[in-house]
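Listed below are the residues making up each chain.
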Amino acid sequence: TLGDKIIETLSRPYEVDQHTLYIGASVGTAIGPRDGRTVEMLMRSADLALYRSKDQGGGSHSQYEPKLHVHAEERRVMEIALRKALENDEFSLNYQPVVSADSGGVVGFEALLRWNNPEFGIVSPAKFVPLAEDARLIVPIGEWVMRTACKEAMKWPSAVKVAVNVSADQLNDPEFLNMVVSALQDSDLPAHRLEIEVTESIFMSEGTGAAGKLDEVIAMGINLSLDDFGTGYSSLSYLKRLPVDTLKIDREFIKDIPDSESDMQITSAIINLAQNLGFKVVAEGVETAEQLAFLKANQCELAQGFYFSKPIPAHKAMILLESQQLRSRA
Ligand code: C2E
Ligand code: MG
Ligand code: MG
């Protein structure tokens, strides 16, 4: 009750110099001796509860529970393993085809990172990429991804592109552009065969120059895709400011087609928007023939998803390229 009262009181608007200012508060509590027998342990428990309140969006109160400690401990152990993963050669890349919705022909592959650790097994990138970002490991890991993907793409027919996911922290690294130039030079891959995928989250750290760096990426002849389109927090105004070539419609809008009328409306509106602005558009997460039929009927050019192929190891991507045509019926 006290925690909620503190939040409520602090969250009332403040009038300062004729401006109305809003601040928020988050509270985490721990109770001794149950949650800690020393001041240090008690504060650490309260801190873990506070992180949970913030993770949930703030403005709330959380009480310490032992499972918070278990999670934090898991993260710590995983982070230690992640620090050694590069040198222990535990990373690999899978490649998922991006196909022409009409013909089913492969136009490119998206490189997707996999971590296989002796202790944790195969860890999802959705779990370890955020951890790598927090631990400042994403820069060296991302460099490995870029170099490996460029080298692999050189084995493919010259019309086939490779897409690499890049997080905002990588763009903020002063060496980012040099790294990309060097990866292209070492592999001999022409810049126009490389596509960099960024999410709307790069606009959250505006002012750090991340978005500006993308102009230079484009100037090098590299393609730029906006990944997970429609799920971020940004406004549409960045579409004017950013030299994007491709919008990737998030799976979120595709997965309930044809059951969800609103998802169909949104998807068709995004396709229209992209085409009117001169962008290519890729539908992500296509799993069924109905979804593909809907996309074709709405003139969506490109598609990606389990319906065509799951992400596959490099040697299987080669075999797939030899047989070229993926399913285009429906
Ligand atoms: P993403 O870039 O949006 O990649 C698409 C994700 O959707 C992949 O998950 C892919 O396996 C999954 N997917 C594709 N088609 C289907 C489908 O039909 N159905 C379903 N249910 N899922 C589908 P994955 O490989 O687990 O990667 C998750 C995310 O991790 C990626 O989302 C990307 O944001 C991030 N990621 C992966 N590799 C890298 C990397 O090298 N660097 C960075 N910074 N992030 C990466
Ligand atoms: Mg992606
Ligand atoms: Mg995506």
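Residues numbered from 1 in each chain as written. Chains lettered and ligands numbered in written order. Predicted model: local features only at pLDDT ≥ 70, side-chain atom pairs only at ≥ 80, totals over all residues. Heavy atoms only, no water.

1. Let's talk about the site of ligand 1
Part 1: Looking at ligand 1, there are 22 residues lining it, with E110, R114, D227, E287 and F306 nearest.
Part 2: Here an oxygen atom of ligand 1 sits 2.8 Å away from a polar atom, N or O, in the side chain of R114.
Part 3: Protein coverage of the free-state accessible area of ligand 1, which is 800 Å², stands at 81%.
Part 4: No other element matches the four residues that strand β6 (residues 106-117) contributes to the shell around ligand 1. (Near = heavy atom within 4 Å. Polar contact = N/O pair within 3.5 Å; in protein donor to acceptor, adjacent residues only side chain to side chain. Areas by Shrake-Rupley, 256 points an atom, 1.4 Å probe, with all protein chains shown as cover. Helix = DSSP H or I, 4+ residues; strand = E, 2+ residues; numbered from the N terminus.)

2. Concerning the coordination of the magnesium ion (ligand 2)
Part 1: E110 (OE), N165 (OD1), E197 (OE) and D227 (OD) make up the full set of protein donors to the magnesium ion (ligand 2), lying at 2.0 to 2.3 Å.
Part 2: Read from N- to C-terminus, the donor residues coordinating the magnesium ion (ligand 2) fall into the pattern E-x54-N-x31-E-x29-D.
Part 3: Separating the magnesium ion (ligand 2) from the magnesium ion (ligand 3) is a gap of 4.2 Å, which D227 spans by donating to each of them. Highlighted residues: E110 in strand β6 and D227 in strand β10 (residues 223-229), separated in sequence by 117 residues. (Donors = N, O, S within 2.8 Å, 3.2 Å for Na, K, Ca; no water.)

3. Considerations on the nonpolar core
Part 1: In this structure, M146, L194 and I196 are the most contacted members of the largest nonpolar core, which totals 83 residues.
Part 2: Among the elements that make up this core, the one with the highest residue count is helix α5 (residues 138-153) (seven residues).
Part 3: Here M146 is in contact with V164, V166, M179, V180, A183, L194 and I196, once residues within four sequence places are set aside. (Core = buried A, V, L, I, M, F, W, Y, C linked by side-chain atoms within 4.5 Å. Buried < 20%, exposed > 50% of the residue type's maximum accessible area, 1.4 Å probe, protein only. Contact = heavy atoms within 4.5 Å.)

4. Concerning the packing of helix α3 (residues 66-85) against helix α4 (residues 125-134)
Part 1: Two numbers describe how α3 lies on α4: the axes approach to 10 Å, and their chain directions differ by 80°. As far as their axial angle goes, α4 and α3 are roughly perpendicular. On α4, the residues touching R75, M78, E79 and L82 of α3 are K127, F128, L131, A132 and D134.
Part 2: Of the residues in the contact of α3 with α4, the class split is five nonpolar, no polar and four charged. (Axes fitted to C-alpha atoms, helices over the stretch in contact; angles between N-to-C directions. Parallel < 35°, antiparallel > 145°, perpendicular 65-115°, else oblique. Nonpolar A, V, L, I, M, F, W, Y, C, P; charged D, E, K, R; others polar.)

5. Let's talk about the coordination of the magnesium ion (ligand 3)
Part 1: Taken together, D227 (OD), D228 (OD), E284 (OE) and E284 (OE) make up the full set of protein donors to the magnesium ion (ligand 3), lying 2.0 to 2.4 Å away.
Part 2: Read N to C, the donor residues that coordinate the magnesium ion (ligand 3) are spaced as D-D-x55-E.

6. Re a nonpolar patch on the surface
Part 1: On the surface, L2, I6, L10, Y14, V16, L21 and I23 cluster together to form a nonpolar patch covering roughly 600 Å² of accessible area.
Part 2: Broken down by element, the residue count for the nonpolar patch peaks at three residues, all from helix α1 (residues 2-10).
Part 3: Here L10 is to be found in helix α1. (Patch = residues over 30% accessible without salt bridge, like charges linked within 9 Å, V, L, I, M, F, W, Y side chains within 5 Å. Salt bridge = Lys/Arg side-chain N within 4 Å of Asp/Glu carboxyl O.)

7. A word on the pattern of salt bridges
Part 1: Under the defined criterion, the tally for this structure stands at 15 salt bridges.
Part 2: The residue D186 makes a salt bridge to R147 at a minimum N-O spacing of 2.9 Å. Linking D186 in helix α7 (residues 176-187) with R147 in helix α5, this pair joins segments that are 39 residues apart in sequence.
Part 3: The class of D186 is exposed, set by a relative accessible area of 56%.
Part 4: Overall, the relative accessible area of 21% leaves R147 in the partly exposed class.
Part 5: One salt-bridge network, in which partners are shared between bridges, spans R52, E65 and K67.

Such coordinate-based values are descriptive only and should not be taken to indicate function.
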